[in-house]
Structures are given as C-alpha cells and as structure tokens.
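# Chains, contacts and geometry: an overview
This is what each chain is made of:
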Amino acid sequence: MEKRLKQYLEFYRSAAEGEMEIGERKKFRREMLVQIQFFQHERLIHLIVTVLFALLAVITILASLIIQEPAVFLLCLMFFVLLVPYIRHYYILENGVQKLYEYYDRIEL
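The structure reproduced in this document is the subject of the present report. (Residues numbered from 1 in each chain as written. Predicted model: local features only at pLDDT ≥ 70, side-chain atom pairs only at ≥ 80, totals over all residues. Heavy atoms only, no water.)

## Brief notes about the pattern of salt bridges
This model, assessed by the stated rule, comprises four salt bridges. Here Glu 10 and Arg 13 are joined by a salt bridge, their closest N and O atoms 2.5 Å apart. One end of the pair, Glu 10, and the other, Arg 13, are both in helix α1 (residues 2–17), three residues apart, so they sit about a helical turn from each other. Through salt bridges with shared partners, a single ionic network connects Glu 2, Lys 6 and Arg 88. (Salt bridge = Lys/Arg side-chain N within 4 Å of Asp/Glu carboxyl O. Helix = DSSP H or I, 4+ residues; strand = E, 2+ residues; numbered from the N terminus.)

## Here we look at the nonpolar core
The tendency in soluble globular proteins is for nonpolar side chains to be buried as a group. Among the nonpolar cores identified, the biggest contains 17 residues, and Leu 5, Tyr 12, Phe 28, Met 32, Leu 100, Tyr 103 and Ile 107 are the most heavily contacted of them. Elements with a minimum of two residues in this core: α1, α2 (22–67) and α3 (70–106). Sorting elements by how many residues they give to this core places α3 first, with six residues. The residues contacting Met 32, other than those within four sequence positions of it, are Tyr 12, Leu 100, Tyr 103, Tyr 104 and Ile 107. (Core = buried A, V, L, I, M, F, W, Y, C linked by side-chain atoms within 4.5 Å. Buried < 20%, exposed > 50% of the residue type's maximum accessible area, 1.4 Å probe, protein only. Contact = heavy atoms within 4.5 Å.)

## Digging into α1
What sets the pattern is the α-helix's 3.6 residues per turn: residues three or four places apart point alike. When the terminal C-alpha atoms of α1 are compared, their 23 Å separation across 16 residues agrees well with the 22 Å that a helix rising 1.5 Å per residue should span. All of the buried residues along α1 are Leu 5, Leu 9, Tyr 12, Ala 15 and Ala 16. One side of α1 holds all its buried residues, which, seen down the axis, span an arc of 135 degrees. Of the exposed residues in α1, those oriented more than 90 degrees away from the buried face are Lys 3 and Glu 17. The inward-facing, buried residues of α1 abut α2 and α3. (Expected span 1.5 Å × (residues − 1). Arc of directions from axis to C-beta.)

Shown next, in the form of structure tokens:
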C-alpha cells in the first residue's frame, strides 16, 4: 500500500503543477476523489487495527503487573512488536492522504 500511495502522490503532484483545461480538470478531480476515498477507507481500517493493538498492549501490560507470568510478558512483547509497524503504516497513510487533499485543492476549477 505504501508503494501505491507514493506512486499516486508523485502522479498527482506532477498533475497539480501541470496545465489542464477545465473539462480535463473536472474529470481529473472526480477520478482523484475516488482514489482519495479508497485511501481514506484504508486509513480508517488501519486506525481501527492500530487502536485495537494499542488497547491489547495496554491490557497485557496491566495483566503482566497482576499475573507476572512469562507467557503474559511474551504476549505483551508480541503486541508491541506488532504495534510499531502498524503505527508506522498508519502514519504513512495519514500523511499521504493529507498530501492528496493538498493536491486536490491545488487543482482548481
């Protein structure tokens, strides 16, 4: 998904800087809005997953304070190992969608 988002960002950046006729701009903005909606959906799903893993990590930290079993510590570690890439991926999606908004706004009618 990161590679696809970077390709779209580069494409829309170059298109936003280029010259287009009014009819082309309208069509281009409609197509761009569809892609933005796809990335927004992806961002929402990853936000839900990231928050879920963060909650599970906090719950296992609290459980490890109470239970103090090696298995609970291991589970806590596993959640944190998975949480870091999820946060990174969500960060990339969030910033990419914000850039898409900027490019969308630059292409005025």
